[in-house]
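# Commentary on secondary and tertiary structure
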Amino acid sequence: MGNADFECRHRVGVPPPKPFLLSLKSSLKEAFFPDDPLRQFQNQPPGRKLVLGLQYFVPILEWAPRYTFEYFKADVVAGITIASLAVPQGISYANLANLPPILGLYSSFVPPLVYAMLGSSKDLGVGTVAVASLLISSMLTKEVNPVQNPKLYVQLALTSTFFAGVFQAALGFLRLGFIVDFLSHATIVGFMGGAATVVCLQQLKGILGLVHFTHGTDLVSVMRSILTQTHQWRWESGVLGCCFLSFLILTRYFSKRKGAFFWVNALAPLMSVILGSLVVYLTHAEKHGVQVIGHLKKGLNPPSVSELAFGSEYLPTAIKTGIITGVIALAEGIAVGRSFAMFKNYHIDGNKEMIAFGMMNIAGSCTSCYLTTGPFSRTAVNFNAGCKTAVSNIVMAMAVMFTLLFLTPLFHYTPLVVLSSIIIAAMLGLIDYEAAIHLWKVDKFDFVVCIGSFLGVVFGSVEIGLVIAVVISLLRVLLFVARPKTHVLGNIPNSVAFRSIDQYPVARSIPGILILQIDAPIYFTNANYLRERISRWIDEEEDKLKSSLEIELHYVILDMSAVGSIDTSGISMLEEIKKTLDRRGLKLVLANPKSEVMKKLDKSKFIEAIGEEWIYLTVAEAVGACNFMLHSCKSNSTKTIESEEAQADNIV
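Predicted model, so just to flag it, every value in this text is computed and none were measured. (Residues numbered from 1 in each chain as written. Predicted model: local features only at pLDDT ≥ 70, side-chain atom pairs only at ≥ 80, totals over all residues. Heavy atoms only, no water.)

So, on to the packing of helix α10 (residues 185–202) against helix α21 (residues 444–459). Running from N to C, α10 and α21 cross one another at 25°; their axes reach a closest spacing of 7 Å. By the criterion of interaxial angle, the relationship of α10 to α21 is roughly parallel. Once α10 is placed against α21, the crossing between them reads as right-handed. Residue-level inspection shows Ala186, Thr187, Val189, Gly190, Phe191, Gly193, Gly194, Ala195, Thr197 and Val198 of α10 in contact with α21, the latter providing Asp446, Val449, Cys450, Ser453, Phe454, Val457 and Val458. Partitioned by chemical class, the residues of the contact of α10 with α21 number 10 nonpolar, six polar and one charged. (Axes fitted to C-alpha atoms, helices over the stretch in contact; angles between N-to-C directions. Helix = DSSP H or I, 4+ residues; strand = E, 2+ residues; numbered from the N terminus. Parallel < 35°, antiparallel > 145°, perpendicular 65-115°, else oblique. Left-handed = near helix turned anticlockwise from the far one by under 90°. Contact = heavy atoms within 4.5 Å. Nonpolar A, V, L, I, M, F, W, Y, C, P; charged D, E, K, R; others polar.)

On to the side chain of Arg476. You can see Arg476 is positioned in helix α22 (residues 462–482). Contacts of Arg476, omitting those with residues within four sequence positions, involve Asp443, Phe445 and Asp446.

This part covers a negative patch on the surface. Together, Asp602, Glu608, Glu612 and Glu613 line one region of the surface with negative charge. Locating Glu613 in the fold gives a position in the loop between α26 (606–610) and β6 (615–616). Classification of Glu613 as partly exposed rests on a relative accessible area of 33%. (Patch = residues over 30% accessible without salt bridge, like charges linked within 9 Å, V, L, I, M, F, W, Y side chains within 5 Å. Areas by Shrake-Rupley, 256 points an atom, 1.4 Å probe, with all protein chains shown as cover. Salt bridge = Lys/Arg side-chain N within 4 Å of Asp/Glu carboxyl O. Lys, Arg positive; Asp, Glu negative; His and termini not counted. Charge placed at Lys NZ, Arg CZ, Asp CG, Glu CD. Buried < 20%, exposed > 50% of the residue type's maximum accessible area, 1.4 Å probe, protein only.)

Among soluble globular proteins, nonpolar side chains are generally buried collectively. Ile91, Leu99, Leu156, Phe191, Tyr370 and Met427 are the most contacted members of the largest nonpolar core, which totals 102 residues. Those residues in contact with Leu156 that lie beyond four places of it in its chain are Leu140, Val144, Ala309, Ser312, Tyr314 and Ala318. By size, the runner-up hydrophobic cluster in this structure holds 50 residues, among which are Ile522, Tyr555, Ile557 and Leu581. (Core = buried A, V, L, I, M, F, W, Y, C linked by side-chain atoms within 4.5 Å.)

Let's shift gears to the confidence of the model for the protein chain. Of all residues in the protein chain, 90% have pLDDT values of 70 or greater, and the mean over the chain is 84. Low confidence marks residues 1–8, where pLDDT is under 50. Its contacts with residues over four positions away, or in another chain, come to 11 contacts. Here residues 638–642 is modelled with pLDDT under 50, and outside its nearest four sequence neighbours on either side it reaches zero contacts, counting other chains as well. (pLDDT = per-residue confidence, 0-100.)

In terms of burial, strand β3 (residues 513–518) is a largely internal element, six of the six residues being buried. Of the two faces of β3, the one carrying Ile513, Ile515 and Gln517 and the one carrying Leu514, Leu516 and Ile518 are both buried. Across three bridges, the pairing between strand β1 (residues 486–491) and β3 is antiparallel. Looking across to β3, one finds that His487 is bridged to Gln517. (Pairing = 2+ DSSP bridges.)

Listed below in structure tokens is the structure:
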């Protein structure tokens, strides 16, 4: 700078070069191993490393040695409580998926045992869920009619569950859990609300006692099927359905008002099944149009490895169904697990959860189970019942095992209308209109994502709604990347802080200096936009200065503190800006570029082009240097004018 005041300023460092392989290793570690799972193995003897490795992949080995009898008593109460919910829900959701009801019970036996060993959540209650059941039904019925070819339909459902498990476990092993993050909160709210609406409408088939019903999941198809069969409506089913639905809603309302009586809502579905079965048995309602479950086979899960349709012509459909349902199940299960983990202040490892979900679905597909995850309703009951560990899932599985061995004949007279009422009551809690209102207040774009997902599910299909939501979310991400924010900064009075003049009206502009902040990495997607936007800021600043007759613009400072990285297109953009400013007699100054940015600017020789003396550690330093240069030039020009005037006086 040519002055002692600025010779001692802090230099912006260029990171020392690293070998390519070391740099690649570091980048991969940051991308896929942010939690550094291998850290615990450092400086450990081989035997200890083996123990830690087993505990990492099988978490039950880590907490089981510390398990106490007090924990066991709490887990037994919680396990029996959620078993009372699991039995009717399992039968109901299997019916929703157009699968034999017994598969719903099978799915509450083997998968919870696997999750108890591999899962990292203390509260998650494992079982089937309505949304995944609806997805399986809507996707598979397009290819195979479950009434005309039930065996093939079951085979495809088991095969899709197998591929869902493989996909989930692969995501966990490959540390690709961030894929699930593309399902934003707004997407899930709209998707769940739309799916719940469609599920409720489809249950009108059971409530009204209809035999023939559309396989479509959109609102138009469902309503057409209902309204064109008014002559087939059964008042007996309607009365029973309304009574049990009212009972379930009232128990939920009572449990919410009186938290200590959470068990009332938990036991309500089982009580509905028992009461409904008694009513049908005593009144012979099945002879008057009230449909019942019928015979349920006794015994534990039969092996189903030979039933997996790997050689079927419908294998692509099974794979597609497995991947889509697997992602949805992961998103719901991990979101539910993390929500309840926050209440007890412990951490859930997302990648471990993916492996646990994947392994339990692979094991389930081989033992006559269809897709399972962590449903909110079952987890909430498990949490409120006071569970301490995943042993509550083991207790639930034992209770379901007892049901399979001895109690299945008791469900013969269970009316389908009761199952429909149970599903509707559960689904009403998933239509979270309050969350949608909150999205509207906080972020209008998120609200659009939510509504797009909801309408896509309701008027299209579950897959269409999901695709719409993901596409809108991705468009938003691309918009953020391609159109990053830029701000004009000003000085906060009596401080060295520089902030956006839009956010802080008290911030003052510095005469002759334009300070711009870029709020995103600079890539090929936004380089051209930033070049044009920066040029426009400069034009607007010059026009403003001309109209106000203030000092002319001399320096443009780019605050790059939010620019985490830059590519070659971004560097070319900076070079173009520098050339443009040089032609206009202006000087480009950089403030606080990050290490990755400095590394690339150094390799591209841009630092040589701009001059290291024009790169500063902070905006305050850059402004100080520019002000010094402005005052120096002004002082020199004043001295020159005074000298010329003196010479003229001497001549005179």
